[in-house]
Every structure is written in C-alpha cells, then in structure tokens.
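Here is how the chains run, residue by residue.
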Amino acid sequence: SQQGEEDPQALSIQEGENATMNCSYKTSINNLQWYRQNSGRGLVHLILIRSNEREKHSGRLRVTLDTSKKSSSLLITASRAADTASYFCATDRLTTSGTYKYIFGTGTRLKVLA
Amino acid sequence: NAGVTQTPKFRVLKTGQSMTLLCAQDMNHEYMYWYRQDPGMGLRLIHYSVGEGTTAKGEVPDGYNVSRLKKQNFLLGLESAAPSQTSVYFCASSYMRKLKTALLAVQPQHFGDGTRLSIL
C-alpha cells in the first residue's frame, strides 16, 4: 500500500467545528508536509514539519508528528466553508542515490457545511 | 508572478497519438516534478528532475518521457497514448535549501493547476 494513508477518506462537519485528519506512513521520513487541493486546482502547500519536530502551528492549523507511531495529524480549528477541499499528506525520504523522493497519500475530502 | 504554468489545460487524444505537456516555472527552482492524479490513488510521481539537463524516474514512469533542456521548463511526453494514461497531470517545482552541513533541506512544492487528459 502507499506510504501516506490519510484517515478518514471523507469528513463532513458544520462550520465552526474542528476538523482532524490523520496520516500514517510506513518507512522512516525526513519531513512530512500537508497540502490542500480545491476542486479543479493544483495542490497548495499548507505546512511542513520536520522529523525532529513534534508539533507545528500556522494560523488555524495545527500539525503533530509522532515518528514512533509513524503518524501525523492535521487539525483545522473553527472551520469555514472555504476550508472545503481535499487534504493530502506527503512524506519525503532520502534515497540511496542521494536524492529526495516525495510520496503523497490518497487524501481526505473535507466538506464544511455552512 | 505566475508560479507554475501548465499547458494545455485540457486535451483529448486518440489511442496511439503522441503529445507533449509543457510545464514552466518562474521561481528559479532546481527541482521539477511530474505527477498523475487518479481517483482514489492520490498523486503518483512519474518523473522528476533535480536540475537542467537531468531527469530521473519516479514511481510510474512507463509510457512517458521527459526533458529538462532549460531550467524553467519541464516537458512530459506521451509517445503512444493509451487509455490507461487518462488522468490529470500535475507539474510541481521546488528548491532545496543547502544547510551549513551541506545537507539539503526539503522545501515545499509549488503546483500548477493541472492538465486534464482523456485518451479514447
């Protein structure tokens, strides 16, 4: 299966509620990133957390990383209708040839109801 | 500042036809990537480039070729299109920040808005 599996696959919440998405991965990583994709558009970077970090904040976003469990979570607080999108985690690791490779998960589709 | 621009935005091909997807970035990024996105499968890396004149295979390279003749451009070619290549194709770019230890620090990728390709 793919490195980077998001959970849940789909999430529907009311505006103002918090949304939590999880990402699990299989191999050791250097960094983990979260991206957002609006319908019909490309991915937009939200936040990057390095393997030696445990938590990071950016506005209404909070990301945690647990390397012992090989998992990460993205929390969006006080959600808005504009947060409706798909959210992807992406892990990167250093290959034996010395380059970095990204692996994206399958995404969580978030719908925020007004 | 345009960022990453992909052309064309939509294309319909017949099986066996060839075409080239163009990606251009104006951020002077070293790294460029081509992905395909299929329902339920997330993004899969086709090919990538770590600099002008260099290319490397990703996760699903078969049936595709790439070229990076200029730093700002990364071309994806389909020599003989097959229905299995119907997908949305995304180009991305990033730079790598060099640390004092000479290691590379991964930076975020910047994506174009995709090319929707249908092969009949």
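Treat the numbers as computed from the prediction; the structure is a model and nothing was measured. Counting starts from 1 at the beginning of each chain's written sequence and moves along it residue by residue. Lettering for chains starts from A, numbering for ligands starts from 1, and both go in the order in which the items are written. This being a predicted model, a pLDDT of at least 70 is required before a residue's local features are given, and a value of 80 or more before pairs of side-chain atoms are given or counted; all residues contribute to the totals for chains, interfaces and linings. Only heavy atoms go into the side-chain values, all of them from the structure, while hydrogens and water stay out.

Asker: Would you explain the overall build of chain B in this entry?
Answerer: Regarding its fold elements, chain B presents zero helices and 13 strands. Only DSSP runs of H or I with at least four residues qualify as helices, and only runs of E with at least two residues qualify as strands; both kinds are numbered from the N terminus onward. Reading the helices (α) and strands (β) of chain B from amino to carboxyl end gives β-β-β-β-β-β-β-β-β-β-β-β-β. Over its C-alpha atoms chain B spans a radius of gyration of 14 Å, differing by no more than 12% from the 14 Å that the globule rule assigns to 120 residues. The principal-axis extents of the C-alpha atoms in chain B amount to approximately 50 × 30 × 25 Å. Each residue gets one of three labels from its accessible area relative to the maximum for its type: buried under 20%, exposed over 50%, partly exposed in between, using a 1.4 Å probe on protein chains only. Counting across all 120 residues of chain B, residues that qualify as buried make up 48%. Every radius of gyration here is taken over C-alpha atoms, with the globule rule written as 2.2 Å times N^0.38, N being the number of residues.

Asker: Just to check I follow, could you spell out the pairing of strand 3 (residues 19–25) of chain B for this structure?
Answerer: Two faces, one strand: in a regular strand the side chains alternate between the faces of the sheet. Residue and element names in this part refer to chain B. Along strand 3, the buried face is formed by Met19, Leu21, Cys23 and Gln25; none of Thr20, Leu22 and Ala24, which line the opposite face, is buried. At least two bridges found by DSSP between two strands is the condition for calling them paired. In this structure, strand 1 (residues 4–7) lies alongside strand 3, joined through four bridges in antiparallel fashion. Bridging from a neighbouring strand, valine 4 pairs with glutamine 25 of strand 3. Two strands pair when backbone bridges link them, and strand 3 and strand 8 (residues 73–78) are joined in this way by six bridges, in the antiparallel orientation. Bridging across to strand 8, alanine 24 finds its partner in asparagine 73.

Asker: Would you take a moment to explain the sheet that holds strand 8 of chain B for this structure?
Answerer: Whenever strands of a sheet pair, they do so through backbone hydrogen bonds, lying parallel or antiparallel. All names here are of chain B. One open sheet holds the four strands; their spatial order is 1-3-8-7, and the pairing between them is antiparallel. Two strands lie at the open edges of the sheet, namely strand 1 and strand 7 (65–67), each paired on one side alone. With strand direction ignored, the average angle separating the axes of adjacent strands in the sheet is 20°. Note: strand 7 against strand 8, three bridges, orientation antiparallel. In the sheet register, valine 66 faces strand 8, and the bridge partner there is leucine 76. Here the axes come from fitting lines to C-alpha atoms, over the contacting stretch only for helices, and the angles between their N-to-C directions go from 0 to 180 degrees.

Asker: Is there a simple way to explain the pairing of strand 4 (residues 31–38) of chain B in this structure?
Answerer: Residue and element names in this part refer to chain B. Of all eight residues in strand 4, eight are buried, a share of seventy percent or more. Direction of pairing for strand 4 relative to strand 9 (residues 87–94): antiparallel, over a ladder of seven bridges. Note on strand 9: the bridge partner recorded for glutamine 37 is valine 88. Here strand 4 runs beside strand 5 (residues 42–51); their pairing, made up of seven bridges, is antiparallel. Residue pairing across strands places methionine 32 opposite serine 49, the latter belonging to strand 5.

Asker: What am I meant to see in the confidence of the model for chain A here?
Answerer: On average, residues of chain A score 90 in pLDDT, and 94% of them are at 70 or above. One confidence number per residue, pLDDT, is output by the predictor and ranges from 0 to 100. Of all helices and strands in chain A, the one with the weakest mean pLDDT is strand 10 (residues 100–104) of chain A (78), whereas strand 7 (residues 61–66) of chain A scores best (97).

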